[in-house]
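Residues per chain are reported as follows:
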Amino acid sequence: MELRHLRYFVAVAQAGSLTVAAQQELHTSQPSLSRQIRDLEDEVGAQLLTRRARGIDLTPAGRAFLDHARAVLSQVEAAAEAARRVDRPSRPCFTIGFLTGHELTWMPEALRILRDELPNIDVTISSQYSPLLADGLSKGKIDAAFLRREKGMPGLAFRLLVKEPLLVIMPSDHRLAALKAISPADLVGETFVIVSGTAPVLRAVIDNYLKRSGINITPAHEADHVTMGISLIISTRGVGLLPAYAQNFLPLSVTSRPLKGNTPTVDLVLGYKKSNQSAILKLLLSRLDELVDRVSKAAR
């Protein structure tokens with residue numbers, strides 16, 4: 001008895017037909033398959049199936065044999081997979097996190113930096129809020145992340161990538177869109193959309209900027225992320241302050257203007273756990289200047 005006999009028998013039992021199994025499952029001729037089944041029955045010493053006009057029926061012996069045949073084939077596949085795992089150990093995994101929206105700019109260039117290593121590793125991409133990325137770094141679930149400089153994370157290290165200027169975002173036909181640049185005083189009296197606590201670093205930059213400017217603005221709406229902020233600006237015909245990367249998501253009905261004077265910025269950094277000894281992380285860190293240069297050139 002050979003494994004092919006078991007495979008042929010299981011295929012016939014599942015198809016309910018010698019003809020269907022031969023043509024669609026096993027890609028062999030029906031007479032040849034019939035001979036294989038007869039040889040199996042001779043080896044077992046019992047009739048396993050009965051032929052009928054439009055297919056086959058399993059005998060009681062055939063039904064009993066089917067369960068064991070399936071178990072044998074399953075064990076054979078498990079044995080083969082175990083051998084493959086030993087022969088080819090699992091590749092190391094490297095997880096990169098992106099503050100949602102930044103993967104559009106930074107991921108292609110980061111993967112180009114790692115291109116020579118990609119055949120040897122499995123790369124996982126994670127797109128989340130910055131605090132969640134920092135938590136993932138701290139817990140060792142993420143190896144490197146493009147995020148804000150989150151506070152209260154002594155086990156993490158941050159490398160500056162770029163200082164993102166804040167822009168005023170508004171509907172394209174808003175009265176302020178006629179200006180080339182906007183002063184803080186221009187924002188007074190407008191429906192103001194601000195980021196929520198899901199972006200604590202950015203929220204602090206905006207709050208500090210408004211406080212330094214000496215204006216009192218009570219936000220009308222809070223947005224959890226950039227696309228939600230843009231949607232609120234559209235629906236309320238309001239204005240908001242968002243980092244420059246938000247321009248990647250602006251529809252034609254929304255535009256941006258720079259701020260006058262000393263423009264506030266928010267840092268985008270590469271974060272990682274200080275104790276992480278990943279060779280891929282070390283490679284990425286060693287080529288950060290090249291990465292920043294690539295992204296800068298692509299944005300021009």
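Here, every reference points to the structure presented above.
The notes below deal with the structure included here. (Residues numbered from 1 in each chain as written. Predicted model: local features only at pLDDT ≥ 70, side-chain atom pairs only at ≥ 80, totals over all residues. Heavy atoms only, no water.)

1. A few points about unusual backbone geometry
Its identity is not glycine, yet R237 carries a phi of approximately 55°, on the positive side. Looking at the secondary structure, you find R237 in the loop between α8 (226–236) and β9 (239–243). (Helix = DSSP H or I, 4+ residues; strand = E, 2+ residues; numbered from the N terminus.)

2. Examining helix α6 (residues 130–138)
When α6 is considered as a whole, its buried residues turn out to be S130, L133, A134, G136 and L137. Each buried residue of α6 sits inside an arc of 160° when the element is viewed along its axis, so together they form one side. For α6, the elements touching its buried residues are β3 (93–99), β4 (122–128), β5 (144–147), β6 (156–171) and β11 (265–273). Remark: G140 follows α6 within two positions and exhibits a positive phi of approximately 80°. (Buried < 20%, exposed > 50% of the residue type's maximum accessible area, 1.4 Å probe, protein only. Arc of directions from axis to C-beta. Contact = heavy atoms within 4.5 Å.)

3. Quick word on the pattern of salt bridges
Inspection of every chain in the model, using the stated rule, returns 15 salt bridges. Of the charged contacts in the structure, one is a salt bridge between D135 and K139, with a shortest N-O distance of 3.2 Å. On the accessibility criterion, D135 (30% relative accessible area) is partly exposed. Relative accessible area serves as the criterion here: at 52%, K139 is assigned to the exposed category. One salt bridge connects R203 with D207, and the closest N-O pair in it is separated by 3.1 Å. In this pair, R203 and D207 both sit in helix α7 (residues 200–212), 4 residues apart, roughly one turn of the helix. The exposure class of D207 is partly exposed, given its relative accessible area of 33%. (Salt bridge = Lys/Arg side-chain N within 4 Å of Asp/Glu carboxyl O.)

4. Here's the deal with the side chain of E103
Within the element layout of this structure, E103 appears in helix α5 (residues 103–113). Put simply, E103 is tucked away with no salt bridge, and the nearest opposite charge, on R148, sits 11 Å away. Those residues in contact with E103, other than ones at most four positions away along the chain, are F98, P108 and S127. (Lys, Arg positive; Asp, Glu negative; His and termini not counted.)

5. A short note on helix α10 (residues 288–299)
In an α-helix, one full turn covers 3.6 residues, which means residues spaced three or four apart are oriented alike. End to end, α10 covers 17 Å across 12 residues, agreeing with the expected 16 Å (1.5 Å per residue, within 8%). Along α10, the residues that are buried comprise L288, L291 and V295. All buried residues of α10 fall inside an arc of 60° around its axis, so they share one side. Among the exposed residues of α10, those oriented more than 90 degrees off its buried face are D289 and K297. Against α5, β5, β6, β11 and α9 (279–286) lie the buried residues of α10. (Expected span 1.5 Å × (residues − 1).)

6. Description of the packing of α5 against α10
Their axes nearest at 10 Å, the elements α5 and α10 cross at an angle of 135°. The orientation of α5 relative to α10 falls into the category oblique. Crossing angle aside, the handedness with which α5 passes α10 is right-handed. Between α5 and α10, the residues in contact are T105, W106, E109, A110, R112 and I113 and E290, L291, V292, R294, V295 and A298, respectively. (Axes fitted to C-alpha atoms, helices over the stretch in contact; angles between N-to-C directions. Parallel < 35°, antiparallel > 145°, perpendicular 65-115°, else oblique. Left-handed = near helix turned anticlockwise from the far one by under 90°.)

7. Thoughts on the packing of aromatic side chains
Tallied over the entire structure, the rule returns 4 aromatic pairs. Taken together, a centroid distance of 5.6 Å and an interplanar angle of 35° make the contact between W106 and F146 tilted. Of this pair, W106 sits in helix α5 while F146 sits in strand β5, placing them 40 residues apart in sequence. Judged by its relative accessible area of 5%, W106 falls in the buried class. What makes F146 buried here is its relative accessible area of 0%. Ring pairs connect the aromatic residues F98, W106 and F146, which therefore count as one cluster. (Phe/Tyr/Trp six-rings, centres within 6.5 Å; stacked < 30°, edge-to-face > 60°.)

8. Some details on the pairing of strand β2 (residues 55–58)
Summarising the sheet, strand β1 (residues 49–52) and β2 pair through 4 bridges and their orientation is antiparallel. Along β2, the bridge assignment pairs L49 with L58. As consecutive antiparallel partners, β1 and β2 are separated by 2 residues. (Pairing = 2+ DSSP bridges.)

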